[in-house]
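Breakdown of the fold
Next come the chains, spelled out residue by residue.
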Amino acid sequence: MPHDSTAPAPRRRLVAVLPGLDAQQQARLTAAAAAQGFEALLFEEDAAALPWLEEAEIVLGQSAALARRSPRLRWFCTPSAGVDHLVREERFRSPDVALTNSSGAYGVTIAEHTVMVILEVLRRQADYAGIVARREWRRDLPVRSIKGSRILLLGTGDIGRETALRLRAFGPARLTGVSRRGLDPDGLFDRAVPVEMLDSLLPETDILIISLPGTPQTRRLLDADRLARLPEGALLVNVGRGSVLDQQALAAELCAGRLCAALDVFETEPIPPADPLWVCPNLLITPHVAGNMTLPYTRERILSLFLEDFENYCAGRPLRRRVDPRRGY
Ligand code: GLV
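Residues numbered from 1 in each chain as written. Predicted model: local features only at pLDDT ≥ 70, side-chain atom pairs only at ≥ 80, totals over all residues. Heavy atoms only, no water.

**Describing the overall build of the protein**
Looking only at helices and strands, one finds 10 helices and 12 strands in the protein. Relative to its length of 329 residues, the protein is compact, with a C-alpha radius of gyration of 22 Å against a globular reference of 20 Å. Here the protein holds 329 residues, and 48% of them are scored as buried. Across the protein, every contact between residues at least 6 apart in sequence was considered, and the portion connecting residues at least 24 apart equals 61%. Counting only carbon and sulfur atoms, one obtains 53% of the accessible surface of the protein, whose full area is about 16000 Å². Computed over 41 positive and 41 negative side-chain charges, the separation of the two mean positions in the protein equals 3 Å. (Helix = DSSP H or I, 4+ residues; strand = E, 2+ residues; numbered from the N terminus. Rg over C-alpha atoms; globule rule 2.2 N^0.38 Å. Buried < 20%, exposed > 50% of the residue type's maximum accessible area, 1.4 Å probe, protein only. Contact = heavy atoms within 4.5 Å. Areas by Shrake-Rupley, 256 points an atom, 1.4 Å probe, with all protein chains shown as cover. Lys, Arg positive; Asp, Glu negative; His and termini not counted. Charge placed at Lys NZ, Arg CZ, Asp CG, Glu CD.)

Structure, rendered in structure tokens:
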């Protein structure tokens, strides 16, 4: 959207770099800002926003560069759920600059992705796609069911909860939620346990779903020893962060045919062209698409969560989605 850079600087400015908002959503953001005495400048990409950051008090955007270029910044909201790319920034060490995320916007899209990849693997979709591509007619591959599976959800935030809700619809399975405190306020899991119990639970897990943030505490939580505890044939789904598991150790398990996996996140993204992971057997790769902003519902949630905290900000109330940069989420 073009702006006249010769106009006098407004008193308070909100800069948003949020691709894909429709006209109605843009109007909502602009009106909410105006009602609080803010001028809202909306952009589709960082480069267009850069000349406007000098006066920005609030920035809604993805990249750390936006924060670095905003000397008057008081609040930075990322449309992502994960903040691992931001918490290392010196800018957010200061208590004067609040950092919030959009946790709560991605549960639906990531849960649908997770159900999709689980069914794809259990029902041998890749094998059948190969069979029909060769114009063969085979119908005898053994398949498995979600019903009756022992499912461990490592991470019981918005993503873990939305996933559990959907998995319930497939009929009785045993859903175990694992989190730092082992709580289950909505009663979505058959049992909720603290992460200290992980080692004893892995041997009785058919499907392991990881939706943890990337923090120093979660780094390589799933190391070679823990992966080895999973029973033969177990399926591991990672929609959190690649750093949570030892990718090389997992690749060894996949090559040995002991485990299968569906990974949406990786230690290095994009996966380097020569990385053996590209051709690793028993692995379904998706290029970090489980939770991006390509679903309209997700964009709508990002906007409404932001507007909720914008009201809080303007009223001087604590921001609901404030991240603790030292904790990392
Ligand atoms: C996506 O991975 C996100 O953090 O929003």
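**What to know about the sheet that holds strand β6 (residues 150-154)**
Pairing within the open sheet is parallel, and its 7 strands lie in the order β8-β7-β6-β9-β10-β11-β12. Since the sheet does not close on itself, it has two edges, and those belong to β8 (191-194) and β12 (283-285), each with one partner. With strand direction ignored, the average angle separating the axes of adjacent strands in the sheet is 15°. Here strand β9 (residues 207-210) pairs with strand β10 (residues 235-238) via 4 bridges, running parallel. Paired with Leu208 across the two strands is Leu236, which belongs to β10. Against the sheet, helix α9 (residues 247-255) makes contact with β10, β11 (260-263) and β12, and its axis sits at roughly 135° relative to β11, the strand it touches most. (Pairing = 2+ DSSP bridges. Axes fitted to C-alpha atoms, helices over the stretch in contact; angles between N-to-C directions.)

**Side note on the pairing of strand β3 (residues 56-60)**
Burial of β3 is extensive: 5 of the 5 residues sit out of reach of the surface. Across 4 bridges, the pairing between strand β1 (residues 13-17) and β3 is parallel. In the strand pairing of β3, Leu14 is matched with Ile58. The pairing of β3 with strand β4 (residues 75-77) spans 3 bridges and is parallel. Across the sheet, the residue bridging to Val59 is Phe76, located in β4.

**Some points on α9**
Within α9, the full set of buried residues consists of Gln247, Ala249, Leu250, Ala251, Glu253 and Leu254. Tucked inside the fold, the buried residues of α9 contact α8 (224-229), β10, β11 and β12. Near the N-terminus of α9, the side chain that reaches the backbone nitrogen of Gln248, with its oxygen 3.2 Å away, is that of Asp246. Backbone geometry just downstream of α9 places Gly257 in the positive-phi region, at approximately 75°. (Polar contact = N/O pair within 3.5 Å; in protein donor to acceptor, adjacent residues only side chain to side chain.)

**Let's talk about the sheet that holds β1**
Read across the open sheet, the 5 strands follow the order β2-β1-β3-β4-β5; overall the sheet is parallel. With one partner strand each, in any of the chains shown, β2 (39-43) and β5 (98-100) form the two edges of the open sheet. Looking at each pair of strands side by side, their axes are set apart by 15° on average, direction ignored.

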